[in-house]
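An overview of the molecular structure
Residues per chain, in single letters:
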Amino acid sequence: MKSGAVVIHESVKDPYAELWFAEPAGFTALPLDALLPEPGTGAAEGLRAAVGPLLERVGSEIVRQEFIAQIASGQQLLAALREFGTVHCSVGLHRDDLGGSPRPLLSLFSITWRTTATAPRAVTAARAVTACVGHSRIEYVDLPSGPATLSETTVGPTPGSGLPQLPLLQVHAHLPHPDCKRMAVFTLSTTVPARRGEYRAILRQVVETVRFADPLAAEA
């Protein structure tokens, strides 16, 4: 599995951005605002226009309803993530170059804001993993953006949920904001824990690029 080159996200020029980062090649950002539009808005009409041609090409009404149900299910998942504070989400697709024939590896990358008690950033970074059960491979690091912690959790689907019974590895990076009142949590999730080293390296690569102030303004 190769992480590829780092590509700067176009949101670096967003005047309302609260943090800046570079996302590695192989990830496709999900446009949360476009996929979760308010009813009656231009964005909602745009989503209908985008999905319409796909529905027209489906010959069977049963298949059409299944397709609509899948879209609705995806929207429910994204809505739940956004309610939890997620502001960025992207899907990663890489090729497994190790162990025989190459196969595609899927992952989900997200950035979530969490409100924290006012405290020094190093203290907040430490509390983020010590106050929760299940975090392992904990590493305290000093990034260009400030103190942070890297950790891992592994969970399994609830029996009877209908989901594949595969372990879910989540690599986390907790980066306290300079205002000492909130924290950005970067998470990379995958059902291939055997590649934990590669996925951890990808997340480390991402958080090394994080800035809480406009990097373009700093260069000016």
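Up top you'll find the structure we're talking about.
If you're wondering where the values come from, they're calculated on a predicted model, not measured in any experiment.

**Re a nonpolar patch on the surface**
A contiguous nonpolar patch, built from V91, L93, L106 and L108 and spanning about 330 Å² of accessible area, is present on the exposed surface. Mapping L108 onto the fold places it in strand β5 (residues 103-115). Looking at L108, the relative accessible area reads 31%, which means it is partly exposed.

**Quick notes on the sheet that holds strand β9 (residues 182-190)**
Strand order in this open sheet of 7 strands is β3-β4-β5-β9-β8-β7-β6, and the pairing throughout is antiparallel. Since the sheet does not close on itself, it has two edges, and those belong to β3 (27-29) and β6 (136-143), each with one partner. Taken pair by pair, the neighbouring strands of this sheet meet at an average axis angle of 20°, ignoring direction. Of the pairings in the sheet, the one linking β5 to β9 comprises 8 bridges and is antiparallel in character. Residue S110 lies in a different strand from β9, and its bridge partner there is T187.

Calculation notes
Residues numbered from 1 in each chain as written. Predicted model: local features only at pLDDT ≥ 70, side-chain atom pairs only at ≥ 80, totals over all residues. Heavy atoms only, no water. Patch = residues over 30% accessible without salt bridge, like charges linked within 9 Å, V, L, I, M, F, W, Y side chains within 5 Å. Areas by Shrake-Rupley, 256 points an atom, 1.4 Å probe, with all protein chains shown as cover. Salt bridge = Lys/Arg side-chain N within 4 Å of Asp/Glu carboxyl O. Helix = DSSP H or I, 4+ residues; strand = E, 2+ residues; numbered from the N terminus. Buried < 20%, exposed > 50% of the residue type's maximum accessible area, 1.4 Å probe, protein only. Pairing = 2+ DSSP bridges. Axes fitted to C-alpha atoms, helices over the stretch in contact; angles between N-to-C directions.

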